[in-house]
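Structural overview
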Amino acid sequence: MSADVPLEEPARRVTGPAADAYTWDRSFRLWDSYFAVIWLATQVFVLGAGQPGRPLRLVAAALLVPLIPLYLGVGRRMLRGEPSGEGPALAYLAAALALFLPSAVLVGETRLLTFALVPQCFMTLRRWRATAAAAVITLVPVTGWALVWWPGGWEVFFNALFAVVTFVFSVAVGGWVIRVVEQSQERAELIAELDASRHELAQLSAAHGALAERERMAREIHDTLAQGFTSLLMLVQAVEAELDHDAPRARRHLALMEETARQNLAEARALVAGGTPADLAGASLSDALHRLARRHDAGLEVTGPVRALPAGTEVVALRACQEALANARKHAGSSVGVVVALAYADESVTVSVRDDGPGFDPDAVSAGYGLAGLRARAAEVGGTARVHSAPDAGTTVTVRLPVPAARSEVP
């Protein structure tokens, strides 16, 4: 904002944390020291002046004494913008002028205090009012002094010239003060907005993190515990159908139920601890898929050189296989044949689950949460997930994940 544009209110208005950004706030002690030095120097000049007589000089000096408590009790708060508005500032300056002008008329040396009063005008008032107040402070004392004492022409001329120069200098410096304070105010507002934006961003980041964590936990629970419970229910149904006519097969399914329950418990503990999935703890991906396939009565085919993969890739491959196997048993039934294929390549690993069930038309149904989660998992590590199916043609779920090139084979 240009200094030529009138301020709608005094320049210092922001309080609280943002007020610390103002240059004036950071250097206010210097202003206190400046005011004290100017006041003391004025008193010394007034008391040491050659004329008028000592009694009038004492009166002039006495008139300046109340300026100290007036400044400390009211002026400092005005300069800090407490309270805001020009009304209190005008009252304070009027009181200060009521003490200053009589003293300046009696003793010309009192006009040295001009250098402490004029900046306060520009710090608390709009530009045009501050300019008017500066004119009163610099020009009225000379006029009154000349009318009271009737000094010589040259003396009047030099004092008047000094008053005009002081007025012009005051207006120039006052404009600079306004620009500094306005820039400080703008910086304070920008800092306040930045702090608010940073706080809002932190809140949004926390909310996004909480949402992402909820989504991650929901996906983990769906791919582990929920799928395990689904397997348990299917095994219970199979056991109920086999108890009367196929006891050995029922016992095998009971053993699978126990293993699945134990695996679910291990998965729950791993979720709470935030560790590696239970199937992958101390085992390779092929071993984990072998155990998983056995629990679902599925076969496993492994091709390519088996090797250790990044932990994130192995977790995605395992979860993809869990989801695909659960979907196969849920939609195709427990009697259909299911085969899991794990293929290692130089720069990728592929997991596919195929069943010879009734199949479906992928375009005729919307993807459920499981398939959406599967695709999201694959995308997180730069992979892809595809579903191939048709009525009466079975279903194949294929997940391809990029991995670093093979370094060594695991025997």
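What counts and how
Residues numbered from 1 in each chain as written. Predicted model: local features only at pLDDT ≥ 70, side-chain atom pairs only at ≥ 80, totals over all residues. Heavy atoms only, no water. Buried < 20%, exposed > 50% of the residue type's maximum accessible area, 1.4 Å probe, protein only. Helix = DSSP H or I, 4+ residues; strand = E, 2+ residues; numbered from the N terminus. Pairing = 2+ DSSP bridges. 1 Å grid on protein atoms, 1.4 Å probe; cavity = no way out; pocket = protein on both sides within 12 Å on 5 of 7 lines; lining within 4 Å. Points joined across faces, edges and corners; volume = space filled by probe spheres on them. Nonpolar A, V, L, I, M, F, W, Y, C, P; charged D, E, K, R; others polar. Polar contact = N/O pair within 3.5 Å; in protein donor to acceptor, adjacent residues only side chain to side chain. Contact = heavy atoms within 4.5 Å. Phe/Tyr/Trp six-rings, centres within 6.5 Å; stacked < 30°, edge-to-face > 60°. Salt bridge = Lys/Arg side-chain N within 4 Å of Asp/Glu carboxyl O. pLDDT = per-residue confidence, 0-100. Axes fitted to C-alpha atoms, helices over the stretch in contact; angles between N-to-C directions. Core = buried A, V, L, I, M, F, W, Y, C linked by side-chain atoms within 4.5 Å. Parallel < 35°, antiparallel > 145°, perpendicular 65-115°, else oblique. Left-handed = near helix turned anticlockwise from the far one by under 90°.

Most of strand β2 (residues 338–344) sits out of view: five of its seven residues are buried. Bridge count for strand β1 (residues 299–303) against β2 is five bridges, and the pairing is parallel. Looking across to β2, one finds that leucine 300 is bridged to valine 340. As judged from the seven bridges shared by β2 and strand β3 (residues 348–355), these two strands associate in the antiparallel manner. Across the sheet, residue alanine 341 finds its bridge partner in β3, namely serine 352. Linking two consecutive strands that pair antiparallel, namely β2 and β3, is a turn of three residues.

A word on helix α6 (residues 114–124). The element α6 is largely enclosed, with a buried count of ten among its eleven residues. Taken as a whole, α6 has its buried residues at Thr114, Ala116, Leu117, Val118, Pro119, Gln120, Cys121, Phe122, Met123 and Thr124.

It is worth spelling out empty space enclosed by the protein at this point. Per the counting criterion, the structure on display carries three cavities of 30 Å³ or more. If you trace the second largest cavity, you find it lined by Arg111, Thr114, Phe115, Ile137, Thr138, Phe162, Ala163 and Thr166. Of all the elements in the fold, those that place two or more residues in the lining of the second largest cavity are α6, α7 (127–149) and α8 (153–242). Top contributing element to the lining of the second largest cavity by residue count: α8, with three residues. Residue composition of the lining of the second largest cavity, by class: four nonpolar, three polar and one charged.

A few words on the side chain of threonine 114. Mapped onto the elements, threonine 114 comes out in helix α6. Of the polar contacts made by the side chain of threonine 114, one reaches the backbone oxygen of arginine 111; its length is 2.7 Å. If we ignore the near neighbours within four places in the chain, the residues touching threonine 114 are Phe100, Pro119, Ile137, Thr138 and Thr166.

All right, on to the packing of aromatic side chains then. Tallied over the entire structure, the rule returns five aromatic pairs. Judged by centre distance (5.2 Å) and plane angle (35 degrees), the ring pair of tryptophan 31 and tyrosine 34 falls under tilted. On the criterion of helical spacing, the pair formed by tryptophan 31 and tyrosine 34 is a turn pair, its members being three residues apart in helix α2 (residues 28–47). Given a relative accessible area of 6%, tryptophan 31 falls into the buried group. A relative accessible area of 32% places tyrosine 34 in the partly exposed class. Consider the rings of tryptophan 154 and phenylalanine 157, whose centres lie 5.9 Å apart with planes at 90 degrees: the pair is edge-to-face. Of this pair, tryptophan 154 and phenylalanine 157 both sit in helix α8, three residues apart, which is roughly one turn of that helix. One aromatic cluster is present, built from ring pairs that chain together Trp154, Phe157 and Phe158.

This part takes up the pattern of salt bridges. Applying the stated criterion across every chain, the model contains four salt bridges. Linking arginine 76 and aspartate 32 is a salt bridge whose minimum nitrogen-to-oxygen distance equals 2.7 Å. Taken together, the positions of arginine 76 in helix α4 (residues 67–79) and aspartate 32 in helix α2 put the pair 44 residues apart, joining distant regions of the chain. On the basis of relative accessibility, which here comes to 23%, the residue arginine 76 falls in the partly exposed class.

Examined against the element boundaries, alanine 317 turns out to sit in helix α11 (residues 311–332). Judged by its relative accessible area of 1%, alanine 317 falls in the buried class. For the pair alanine 317 and arginine 400, spaced 83 residues apart in sequence, the C-alpha to C-alpha distance is 8.5 Å. Alanine 317 has contacts with Leu285, Val351 and Leu401, leaving out every residue within four places of it along the chain.

Before going further, it helps to examine the confidence of the model for the chain. A residue-level look at the chain finds 83% of positions with pLDDT of 70 or above and a mean pLDDT of 79. In this model, residues 1–24 is a region of pLDDT below 50 whose contacts with residues beyond four sequence positions or in other chains number 50 contacts. For residues 407–411, every residue scores under 50 in pLDDT, and the model assigns this stretch six contacts once sequence neighbours within four places are set aside.

A word on the sheet that holds β3. Strands in a sheet are paired, the pairing made by backbone hydrogen bonds, and the direction either parallel or antiparallel. Strand order in the open sheet formed by five strands is β1-β2-β3-β5-β4, and the pairing between neighbours is mixed. Two strands close off the open sheet at either side, each with one partner strand: β1 and β4 (384–389). When strand polarity is set aside, the average angle formed by the axes of neighbouring strands in this sheet is 15 degrees.

With that out of the way, let us pick up the nonpolar core. Leu67, Tyr71, Phe100, Leu113 and Ile137 are the most contacted members of the largest nonpolar core, which totals 35 residues. No other element matches the nine residues that helix α5 (residues 86–106) contributes to this core. Those residues in contact with isoleucine 137 that lie beyond four places of it in its chain are Leu97, Phe100, Thr114, Leu117, Val118 and Cys121. The next biggest cluster of nonpolar side chains, apart from the first, holds 34 residues, and it includes Leu325, Val340, Ala378 and Val387.

Two numbers describe how helix α3 (residues 54–64) lies on α5: the axes approach to 8 Å, and their chain directions differ by 160 degrees. The angle between the axes of α3 and α5 places the two elements in the roughly antiparallel class. Along this stretch, α3 crosses α5, giving a crossing that reads as left-handed. For the pair α3 and α5, the contacting residues are Leu56, Val59, Ala60, Leu63 and Leu64 in the first and Leu99, Phe100, Pro102, Ser103 and Leu106 in the second. Residue classes in the contact of α3 with α5 are distributed as nine nonpolar, one polar and no charged.

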